[in-house]
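Chain by chain, the residues:
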Amino acid sequence: MITVNLDVILAKRKISSAVLAEKIGITQANLSILKTGKAKAIRFSTLESICRELNCQPGEILSFEED
């Protein structure tokens, strides 16, 4: 199972979801879907934008855990 740790990174960087969504050019609703782990996929361009804005690596946002 892939776990999304975006909320943890946002808290560490002290940035709100609304601000991040605006900076990377996606809706708050789509960012919320990603944050809650309900997304079925993520575009590499979106992942790249998130990593650029939060100064992090993809592995800090996404992790794999056995079911």
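Look up: the structure comes first, before these words.
Just so it is clear, the structure is predicted and the values come from calculations on it, not from any experiment. (Residues numbered from 1 in each chain as written. Predicted model: local features only at pLDDT ≥ 70, side-chain atom pairs only at ≥ 80, totals over all residues. Heavy atoms only, no water.)

Trainee: Would you mind going over unusual backbone geometry in detail, with residue names and values included?
Mentor: Its identity as a non-glycine residue notwithstanding, Lys14 has a phi of 55 degrees, on the positive side. In this structure, Lys14 sits in the loop between helix H1 (6-13) and helix H2 (17-24). Phi at Asn55 takes a positive value of approximately 50 degrees, unusual for a residue other than glycine. With respect to the secondary-structure elements, Asn55 resides in the loop between helix H4 (44-54) and helix H5 (58-61). A residue is classified by how much of its surface remains accessible, and Asn55, at 66% relative accessible area, is exposed. (Helix = DSSP H or I, 4+ residues; strand = E, 2+ residues; numbered from the N terminus. Buried < 20%, exposed > 50% of the residue type's maximum accessible area, 1.4 Å probe, protein only.)

Trainee: Residues and numbers for H1, please.
Mentor: Where H1 is concerned, the buried positions are Leu6, Ile9 and Leu10. The buried residues of H1 occupy one face: seen down the axis, they fall within an arc of 100 degrees. In H1, those exposed residues whose orientation departs by more than 90 degrees from the buried face are Ala11 and Lys12. In this structure, the buried side of H1 is in contact with strand S1 (2-4), H2, helix H3 (28-35), H4 and H5. Immediately downstream of H1, the backbone of Lys14 shows phi near 55 degrees, a positive value. (Arc of directions from axis to C-beta. Contact = heavy atoms within 4.5 Å.)

Read these as layout, nothing more, since geometry by itself doesn't imply function.
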